[in-house]
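Residues per chain are reported as follows:
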Amino acid sequence: MERPTANDDVNLSAYRPSLPLSVLNGKTSSGGFDESDYYQCYGDGNSMTSRPSIALSGYETLDAPPQYDFYANSQAWGRKRRFRPSLHQLHGNSEVRNVLTSSYIQYFFNEQINSKMKLFFIHSCLIVVKILLVSTQIRCMLNIWGVILYLRLPWITAQAGIGMTWVIILLSSTITGITGLSTSAIATNGKVKGGGTYFLISRSLGPELGGSIGLIFAFANAVAVAMHTVGFAETVTDLMREHEAVMVDRTNDIRIIGIITVTCLLGISMAGMAWESKAQILFFLVIMVSFASYIVGTIMPASVEKQAKGFFSYKADIFAANFVPDWRGPEGSFFGMFSIFFPSATGILAGANISGDLKNPTVAIPRGTLMAIFWTTFSYLVISATVGSCVVRDASGSLNDTLSPSTPIDDCVGLPCQHGWDFTECINNKTCTYGISNYYQSLSMVSAFGPLITAGIFGATLSSALACLVSAPKVFQCLCKDHLYPLIGFFGKGYGKNHEPLRAYLLTYIIAACFIIIAELNAIAPIISNFYLCSYALINFSCFHASITNSPGWRPSFRFYSKWLSLLCAVICVVIMFLLTWWAALIAIGVVFFLLGYTLYKKPDVNWGSSLQASSYNMALNHCVGLNVVEDHVKNYRPQCLVLTGPPSSRPALLDLVNCFTKDLSLMMCGNVVTVPVEKASSNSHISWLNQRKIKSFYRGVVAPDLRCGVNMLLQGAGLGRIKPNVLMMGFKKDWRSEPSIANNYINILHDAFDLQYGVCVLRMKEGLDVSSPPQSHASVSVDLEPQHTTVFQKKQGKKTIDIYWLSDDGGLTLLLPYLLTRRKRWARCKVRIFVGAETDKKDEQKEEVLSLIKKFRLGFQDVEVIPDIYQNPQPVNVHHFENMIGRFRVDSNPKQDSDSDPPRQQEKPWMITNQDLERNMAKSLRQIRLNEVLLDYSRDAALIVITMPVGRRGSCPSSLYLAWLDILSRDLRAPVLMVRGNQESVLTFYCQ
């Protein structure tokens, strides 16, 4: 690399190095790769502005900018995966092996990908998204439409009347609609790799209730196979009877045909379902054509044959007569009809079942599911209204039953008398075989071309039966693989490259065959209704529970749901279960509680980041029970803060800010280090002060010889069980130049926190944090109750901005803390702006990448600004100001003595800065100066500034230089500045599990 020309204006672009050839080739020396190998000194001057150096600057440091790969669980096609540098690699003293190799070589490799291939790939993805959006809706509609639509909806209309049928349809659609909203929220709370509805809900609600819903959902699908197969067999039997082809009798014929049909479906499903997705479009078209044939048939003039069967086209008197109920038989009641109709409203989970295959499930699942519910509900309402307006309830089907002119009109019974037909005899004797009260194939009779309705019945029943026959074993296999219950693992074994659950297929086949033997659709449908209602109740409850636990991991992209509406729907489902069949409801709920009790007793070794784990954490935090609760899943990460305040009353602003993060959410502990034991070092006064300020926090005071030792005790010993701090919160030390030894301890505390895998946050306010004179060196503790001081963090912020400078990836803590702030009423109206850095020619590309990443995190942040300004030159006056800031800590030595300066003196005064230290950290120093200028330009009126805190390498960056970075970075800013550095472990995820 050529030496840059020295001048008064420091150009950061001049410090972007070319990587050594050994690194580009992936080779390192035997001693390993050291970051210091990248720094070379040029010039003999002592001024930063007159002595440029080759140093890592901008994003070309180990401290990498945000990347998709850092949060992904899998490797993207066509390139190698990049990894976030660890905290030890950033601040530790050890050698850094192959980190830049894995970052930069892959970066350069990605840049060489042909742009045309990228464009082609993007267009291909867009086409796939559009296809999947449509296929999601079609899949749901095909699963919702089924045998009940064709064979029982006219009969239900005759029983309940058009008005009550509409109530039944709308009540069913309301339940499925709310459940669809809850499902959409659950399905969009992170990316799902696969597993369907059971996988979504179990990972959201946990193994306790997730296992129960898995079994119930699988069983309901197995019984649904029987229902759709019986509907198909019933249609075939009726066709055979019309042609006088009978094997035994109607019931046994249905059983025989049903068993043969389900056996054929089993063979098809076990052979492979590659054609199933393609066949869906064909099934959909057949059903739509059958609907068109039916609508045309209602408009056509009624033939004599159809009039004999009760069809008279649209008549106002028929509509009026069929509008009111006419209950008949043992099922003749509102809830009896509801139990038979409700299975025709199910099937809404088909979109969620393929969530892992969707490119954009956030859009596809809600839109596909809700549109499918809307259009199927509309079709049910139209069909019930039209068939009730055209067909009378009772008809004989005989062409000889025309009304004779000699028959007195008063002796004729029924509405057909007004249209020239006399069905009095069959009505009185209850032997009518036609009419919507007696003839299940009324839609076929009304249709312009009857075989099209038959084709629609075949398409709806076979597609739904096949879908259920495939989904039930898949759900059961997923449940078996989770090892939640004993004795069922046998059915989880997969065969072939796709791991097909052949054993689960056979189990589903046996269950379906047992229910097919019932051979009565009206008896099977209520059983399915109960189990589906139970499943929907658990789905809605899981959505409510995930919302009410206030877990930071519950951030669904789909916002149009209500936790209280979900709870109401869950209660309604349970109530309707008992109103339908109380003994079946007791069995279903008994199974749920039995499996729940078993799981709670066995405590399976799984950690899915569920809402039940979050609620158990809340219970442990509020009541100090279950302190060993598992809460280490990234989905449920909570910033549990250890706040170094000294006496809490001395720094209320720091406590008020932390309280915004932790109130009713996570742990907060105030730490106070006392260096001189005193009798009055009691925590009672501090706890009283915290209670008076309505801050939920523990207080812990320790006695130690110095501040660093005391903080180390707190870092390692604070907490109870698994409820322990993971973030250290501190105030900025403004007087670091006057007390260098204490400032050195301050920086060592940061390094100690990093060593213990803590995240670190440092708050700086222009007016300072202290509101009273703190005890010197934390030597004593005041026990008098301090007065309460109002701080900026207790006030409503209005429509200001929270500015996030996400310049380096620390695992996501820099984003998570502002997100938690916006959940508070005081900060809810604030607009969040995210600033990232990029070169000018890559500004748009970087913005799209960061927007895409933030969208996957589901934080709700929309405003991203790319600032190439960070690569510009800092103002010379600010550089000179920085030089003056560190001037008193410079070691006067000539270049020949830099490499081996007096070691004892360096150990005695580790805060002193040598020329070698300054050269090694030149670019990072200039970067902080420039960033302060950017903050002053962009965030002058912000309510809060959150910025990624730089990390100084231990042994290479003296404590005074590190503090000078923090000082120059946050100086002269009107808004509070929160410098954040996570522990380089992900605290945000875009995955469901």
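Residues numbered from 1 in each chain as written. Predicted model: local features only at pLDDT ≥ 70, side-chain atom pairs only at ≥ 80, totals over all residues. Heavy atoms only, no water.

In the annotation of an unreviewed UniProt entry, the entry for the protein chain reads Solute carrier family 12 member 3, and the organism field reads Poecilia mexicana. The Sequence similarities (unreviewed entry) field of the UniProt record for the protein chain holds the comment "Belongs to the SLC12A transporter family." For the protein chain, the Subcellular location (unreviewed entry) comment in UniProt is given as "Cell membrane". (UniProt positions renumbered as here; feature names shortened; annotations may be inferred.)

A. Representation of the overall build of the protein chain within the structure. Within the protein chain, the regular secondary structure consists of 35 helices and 12 strands. Among the 993 residues that make up the protein chain, the fraction classed as buried is 58%. (Helix = DSSP H or I, 4+ residues; strand = E, 2+ residues; numbered from the N terminus. Buried < 20%, exposed > 50% of the residue type's maximum accessible area, 1.4 Å probe, protein only.)

B. Quick peek at the packing of aromatic side chains. Scanning the model with the defined rule gives 29 aromatic pairs in all. Summarising the aromatic geometry, the rings of Phe-232 and Phe-458 are spaced 4.9 Å apart at their centres and angled 55° between planes, so their arrangement reads as tilted. Of this pair, Phe-232 sits in helix α8 (residues 207-242) while Phe-458 sits in helix α18 (residues 450-481), and the two are 226 residues apart along the sequence. A relative accessible area of 12% places Phe-232 in the buried class. The interplanar angle of 70° and the centroid separation of 5.9 Å between the aromatic rings of Tyr-962 and Trp-965 together place this pair among those described as edge-to-face. One end of the pair, Tyr-962, and the other, Trp-965, are both in helix α35 (residues 959-970), three residues apart, so they sit about a helical turn from each other. Looking at Trp-965, the relative accessible area reads 0%, which means it is buried. Taken together, the ring pairs connect Trp-145, Tyr-150, Phe-284 and Phe-291 into an aromatic cluster. (Phe/Tyr/Trp six-rings, centres within 6.5 Å; stacked < 30°, edge-to-face > 60°.)

C. Representation of the environment of Phe-342. With respect to the helices and strands, Phe-342 occurs in the loop between α13 (334-341) and α14 (350-353). Between the C-alpha atoms of Phe-342 and Ile-168, which are 174 residues apart in sequence, the distance is 8.3 Å. What Phe-342 contacts, discounting residues up to four positions off in sequence, is Ser-172, Ile-175, Thr-176, Ser-529, Tyr-532, Leu-533 and Tyr-536. (Contact = heavy atoms within 4.5 Å.)

D. Quick peek at the packing of helix α21 (residues 563-580) against helix α22 (residues 582-602). Contact pair α21 / α22: the axes reach a minimum separation of 5 Å and the direction vectors enclose 135°. The orientation of α21 with respect to α22, classified from their angle, is oblique. Contacts between α21 and α22 involve Val-574, Met-577, Phe-578 and Leu-580 from the first element and Trp-582, Ala-585, Leu-586, Ala-588 and Ile-589 from the second. Along the lines of polarity and charge, the residues of the contact of α21 with α22 split into nine nonpolar, no polar and no charged. (Axes fitted to C-alpha atoms, helices over the stretch in contact; angles between N-to-C directions. Parallel < 35°, antiparallel > 145°, perpendicular 65-115°, else oblique. Nonpolar A, V, L, I, M, F, W, Y, C, P; charged D, E, K, R; others polar.)

E. Summary view of the packing of helix α30 (residues 876-886) against helix α34 (residues 922-938). Where α30 contacts α34, the two axes come as close as 10 Å, and the packing angle between them is 125°. The angle between α30 and α34 falls in the class oblique. Seen along the crossing, α30 lies across α34 with a hand that is right-handed. Between α30 and α34, the contacting residues are Asn-878, Val-879 and Phe-882 on the first element and Ser-925, Leu-926, Ile-929 and Glu-933 on the second. Residue composition of the contact of α30 with α34, grouped by class: four nonpolar, two polar and one charged. (Left-handed = near helix turned anticlockwise from the far one by under 90°.)

F. View of α21. Between its terminal C-alpha atoms α21 stretches 26 Å, which fits the 26 Å expected from 18 residues at 1.5 Å a residue. Those residues of α21 lying buried are Ser-566, Cys-569, Ala-570, Cys-573, Ile-576, Met-577 and Leu-580. Buried residues of α21, seen end-on, are gathered within an arc of 130° and therefore sit on one face of the element. In this fold, the buried residues of α21 make contact with α6 (153-187), α13, α20 (521-548) and α22. (Expected span 1.5 Å × (residues − 1). Arc of directions from axis to C-beta.)

G. Layout of the nonpolar core. The biggest cluster of nonpolar side chains holds 138 residues, and the ones touching the most others in it are Tyr-150, Ile-175 and Tyr-536. Formed by 64 residues, the second largest nonpolar core is a distinct cluster that contains Ala-704, Ala-753, Leu-961 and Ala-975. (Core = buried A, V, L, I, M, F, W, Y, C linked by side-chain atoms within 4.5 Å.)

H. Molecular detail of the pairing of strand β10 (residues 863-866). Of the pairings in the sheet, the one linking strand β9 (residues 831-836) to β10 comprises four bridges and is parallel in character. Residue Val-836 lies in a different strand from β10, and its bridge partner there is Val-866. (Pairing = 2+ DSSP bridges.)

I. Broad picture of the pairing of strand β3 (residues 641-644). On β3, burial covers both faces: Cys-641 and Val-643 on one face and Leu-642 and Leu-644 on the other are all buried. Alignment of β3 against strand β4 (residues 668-674), held across four bridges, turns out to be parallel. Residue Val-643 lies in a different strand from β4, and its bridge partner there is Cys-670. Where β3 lies against strand β6 (residues 727-731), three bridges are found, and the strand directions are parallel. If you follow Val-643 over to β6, its bridge partner there is Met-729.

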